[in-house]
Amino acid sequence: MQNIWTIARREYKVYFNSPIAYVISLLILIVLGIMFALNIFFFAQNASQNYGSAPDISMITGPFAFILVLSLPALTMRLVSEEHRMGTMELLLTAPLRDWELVVGKWLGSFLFMLTLIGFTLLFPIILNFMVNPGIDQGLMMSAYLGIILVSAAFLGIGVGISAMFTNQFAAFFATLITFVVLWWMIGFPAEVLPAGAEVFRYLDMKTHFYDTLNAGVINLSDIIYFLSLTALGLFTGSISIESRRWR
Amino acid sequence: MIRVTELTKDYGPRRAVDHITFEAQQGEILGFLGPNGAGKTTTMRVLAGYMPPTLGEAQVAGYDVVDESLEVRRRVGYLPETVPLYPDMTVFDYLKFMADLRHLPDAEDRVDDALEMVGMENRSEGYISNLSKGMRQRVGLAQALLHKPEVLILDEPTIGLDPAQVVDVRNLIREIGKERTVLLSTHILSEAQQLCDRVLIINKGCIVAEDTPDNLRGRLAGAERVMLRVRGEADELPGQIKKIPGVQGVKLLSDDTIEFQFAPGQDVRPAVAKTIVKAGYDLLELRQVGMSLEEIFLELTRDSTVSEE
């Protein structure tokens, strides 16, 4: 446990020295800010047709999840691949540290960074809370944010796993991006056309676990298990990948 | 303590290390000598727990490198060939990170101690990216010394250092080698000669010789070699020296310098000196030249090199 924490702490600090992490954070906050402003503006314009309903926070968390698909590969790409490139992998693999502790530590560092970024976005619900009467739906907000946190955890887990397979971080970036795009948009397609077995693909479809339930204020244990399983799968792949390198 | 039995490591179809067996005791500095690509780094990586061997066994500090890898890694200090450093960290943060990974209870004191040992105590707040090659090498060495390891494995520890630093690092290694086991690789033969209690010469994955540096020289030299120098031109001297019984292999090295050999035990030097003086030359120098470790090394590694080409 101490090893995981040591690795995670270093990784977390590295993000604050990394231009890419700042660019991604800025991008996320700006895009969400624009979405927020536009939503409020149009809502106010059409106030007469809203029949007393109020905007809710899913207008932020919805696009947020979409941005995560495209931006998180840039945050995970270097996590393990950079160690290979710099030769520091030799240092870590000869330190008294288990391979999985290294992978989990890397993931935890990136996850803590994402939690920090997600923390900043709490500004939007706070502002919204002042704008609508009698305040926003707290339950929906909790559920949607839990969704964002779970989606981030899963993406980061998969990202670390893929990063461990590459020595080139750009190769890791594209492989991660493709994986995310498949999991988020494409894996559900077969469910529409297949006569049988559609359930499997529907279950694997990542976006339905977020948009249909968590982002709509419904917390199902099955969704939580789905995201946690993906996280674990990514971390497991990463550990195996590092272990297998030793034998080559 | 290091004990290696029939260790073999393949990279795909290529055999990097081929059934090597050796031991290193506590309080011993063992030198690993060989040309590039001989299998030095591979062997060291196996011993440091970086990768398992294909065949054979290795024990370091009493633990098996495969089955008890973590125990081995706790007790080994390892400096890889390319010094693994994080350029975006300060020297202190980097060493503190490594000390934390090793669960050292008094991490900050250990970092200070290690920095003092390598003479870097005044650079601890600097970023590693700003350090020179020699300083990086020393930071890497400090990393290997942090936990006062029982066994120290150093892959080319003095590479990239300036001459003064080389002397410092060698003294440091000698000091450590008094109590612990040190395995160091080098292709600088004088370094092995000065530093090591015992030398393993490795070529193409096999150990070709193993002995103390002095014995290696003695064993392989075969004949005693002598160099002599006279005033003026010595063109006719070789013919006369050749006639002295016991003298072999007379060579004119330059106008005034001659080299010859004699079998150990029958010292022909007085006879040679008399002959030269009698012939009317002024003898300026008569000196025994031992076979250097360089020559031994070339001798041992030449055959296989030639046969490959």
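Residues numbered from 1 in each chain as written. Chains lettered and ligands numbered in written order. Predicted model: local features only at pLDDT ≥ 70, side-chain atom pairs only at ≥ 80, totals over all residues.

## Re the overall build of chain B
At step 1: Within chain B, the secondary structure is distributed over eleven helices and 14 strands.
At step 2: Relative to the compact-globule value of 19 Å for 309 residues, chain B shows a C-alpha radius of gyration of 24 Å, a clear excess of over 25%.
At step 3: Projected onto the principal axes, the alpha-carbon positions of chain B cover approximately 75 × 45 × 35 Å.
At step 4: Counting only residues that meet the buried cut, chain B has 39% of its 309 residues in that class.
At step 5: Once local pairs closer than 6 in sequence are excluded, the contacts in chain B between residues at least 24 apart make up 67%. (Helix = DSSP H or I, 4+ residues; strand = E, 2+ residues; numbered from the N terminus. Rg over C-alpha atoms; globule rule 2.2 N^0.38 Å. Buried ≥ 20, exposed ≤ 12 C-beta atoms within 10 Å, placed from the backbone. Contact = placed C-beta atoms within 7 Å.)

## Quick look at the environment of Tyr78(B)
At step 1: Examined against the element boundaries, Tyr78(B) turns out to sit in strand 6 (residues 76-79).
At step 2: According to the C-beta neighbour criterion, Tyr78(B) is buried, with 26 such atoms within 10 Å.
At step 3: Separated by 65 residues in the primary sequence, Tyr78(B) and Gln143(B) have C-alpha atoms spaced 8.1 Å apart.
At step 4: Dropping the residues within four chain positions of it, Tyr78(B) is found in contact with Thr94(A), Ala48(B), Ala144(B) and Ile153(B).

## Re the interface of chain A and chain B
At step 1: Counting from both sides, the interface comprises 18 residues of chain A and, opposite them, 20 residues of chain B.
At step 2: By residue number, the principal contributor to the side of chain A that touches chain B is helix 1 (residues 2-15) of chain A, which donates five residues.
At step 3: Residues of the side of chain A that touches chain B, tallied by class, amount to eight nonpolar, seven polar and three charged. (Nonpolar A, V, L, I, M, F, W, Y, C, P; charged D, E, K, R; others polar.)

## What to know about the pairing of strand 11 (residues 224-230) of chain B
Residue and element names in this part refer to chain B.
At step 1: Strand direction decides the pairing type here: strand 11 and strand 13 (residues 257-262), joined by six bridges, are antiparallel. Bridge assignment links Met227 to a residue of strand 13, and that residue is Glu259.
At step 2: Of the pairings in the sheet, the one linking strand 11 to strand 14 (residues 283-289) comprises six bridges and is antiparallel in character. By the bridge assignment for strand 14, Val230 is matched with Leu283. (Pairing = 2+ DSSP bridges.)

## Here's the deal with the domain arrangement of chain B
At step 1: Here chain B is partitioned into domain 1 (2-218) and domain 2 (223-290).
At step 2: Placing the centre of domain 1 of chain B and that of domain 2 of chain B at their C-alpha centroids yields a distance of 45 Å. (Domains from an automatic or database assignment.)

## Notes on the confidence of the model for chain B
At step 1: The predicted model of chain B averages 86 in pLDDT, with 92% of residues at 70 or higher.
At step 2: This complex was scored by the predictor with a pTM of 0.85 and an ipTM of 0.89. (pLDDT = per-residue confidence, 0-100.)

## Points about the sheet that holds strand 7 (residues 151-155) of chain B
All names here are of chain B.
At step 1: Taken together, six strands build an open sheet; the order of strands is 6-7-8-3-9-10 and the sheet is mixed. Each end of this open sheet is capped by a strand with a single partner; those strands are strand 6 and strand 10 (206-211). Across this sheet, the average inter-strand angle for adjacent strands is 15°, counted without regard to direction.
At step 2: With five bridges joining them, strand 9 (residues 198-203) and strand 10 adopt antiparallel strand pairing. Residue Val199 lies in a different strand from strand 10, and its bridge partner there is Asp211.
At step 3: Most of the contacts of helix 6 (residues 163-177) go to strand 8 (residues 181-186), to which it runs at about 145°, and overall it touches strand 3 (29-33), strand 7 and strand 8. (Axes fitted to C-alpha atoms, helices over the stretch in contact; angles between N-to-C directions.)

## Some thoughts on the packing of helix 3 (residues 58-76) of chain A against helix 9 (residues 169-186) of chain A
All names here are of chain A.
At step 1: Where helix 3 contacts helix 9, the axes come no closer than 9 Å and their chain directions differ by 150°. In this view, helix 3 runs roughly antiparallel relative to helix 9, as classed from their interaxial angle. Considering how the two elements wind past one another, helix 3 and helix 9 form a crossing that is right-handed. Of the residues in helix 9, those in contact with Val69, Pro73, Ala74 and Thr76 of helix 3 are Phe173, Thr176, Leu177, Phe180, Val181 and Trp184. (Parallel < 35°, antiparallel > 145°, perpendicular 65-115°, else oblique. Left-handed = near helix turned anticlockwise from the far one by under 90°.)

## Re the environment of Ser81(A)
All names here are of chain A.
At step 1: For Ser81, the position within the fold is in helix 4 (residues 78-86).
At step 2: The exposure class assigned to Ser81 is buried, which follows from the 23 C-beta atoms found within 10 Å.
At step 3: Separated by 144 residues in sequence, Ser81 and Ile225 have C-alpha atoms that sit 28 Å apart.
At step 4: Residue contacts for Ser81: discarding those within four places in its chain leaves Ser163, Phe166, Thr167, Asn168, Gln169 and Ala172.

## A few points about unusual backbone geometry
What you tend to see is this: most non-glycine residues have negative phi, and most peptide bonds are trans.
Residue and element names in this part refer to chain B.
At step 1: Phi is positive for Ala61, which is not a glycine, with a value near 55°.
At step 2: Mapped onto the fold, Ala61 is located in the loop between strand 4 (55-60) and strand 5 (63-64).
At step 3: The partly exposed category is assigned to Ala61, around which 19 C-beta atoms lie within 10 Å.
At step 4: A positive phi angle is found at Glu156, which is not glycine, with a value near 50°.
At step 5: Positionally, Glu156 belongs in the loop between strand 7 and helix 6.

## Focus on the sheet that holds strand 4 of chain B
Residues and elements named next belong to chain B.
At step 1: Strand order in the open sheet formed by four strands is 2-1-4-5, and the pairing between neighbours is antiparallel. Strands with a single pairing partner mark the edges of an open sheet, and in this sheet they are strand 2 (14-24) and strand 5.
At step 2: Pairing between strand 4 and strand 5: two bridges, direction antiparallel. Looking at strand 5, one finds that Val60 is bridged to Tyr63.
At step 3: Against the sheet, helix 1 (residues 40-47) touches strand 1 (2-11), strand 2 and strand 4, its axis set at about 115° to strand 1.

## Let's talk about the nonpolar core
At step 1: Of all hydrophobic cores here, the largest spans 131 residues; its most connected members are Leu47(B), Ala142(B), Ile153(B) and Leu183(B).
At step 2: For this core, the element with the highest residue contribution is helix 8 (residues 138-163) of chain A, accounting for 13 residues.
At step 3: For Ile153(B), the residues in contact, after removing those within four places along its chain, are Met44(B), Leu47(B), Ala48(B), Val76(B), Tyr78(B) and Leu183(B).
At step 4: Judged by nonpolar contacts, the second largest core, of 13 residues, contains Leu228(B), Ala234(B), Ile258(B) and Phe260(B). (Core = buried A, V, L, I, M, F, W, Y, C linked by C-beta atoms within 7 Å.)

## Quick notes on helix 5 (residues 133-145) of chain B
Residues and elements named next belong to chain B.
At step 1: Across its 13 residues, helix 5 extends 19 Å between first and last C-alpha, which sits within 8% of the 18 Å expected from 1.5 Å per residue.
At step 2: The buried count for helix 5 comes to ten of 13 residues, which makes it a mostly enclosed element.
At step 3: What helix 5 keeps buried is the set Met135, Gln137, Arg138, Val139, Gly140, Leu141, Ala142, Gln143, Ala144 and Leu145.
At step 4: Of the surrounding secondary structure, the elements contacted by the buried residues of helix 5 are strand 6, helix 3 (91-101), helix 4 (107-117), strand 7 and helix 6. (Expected span 1.5 Å × (residues − 1).)

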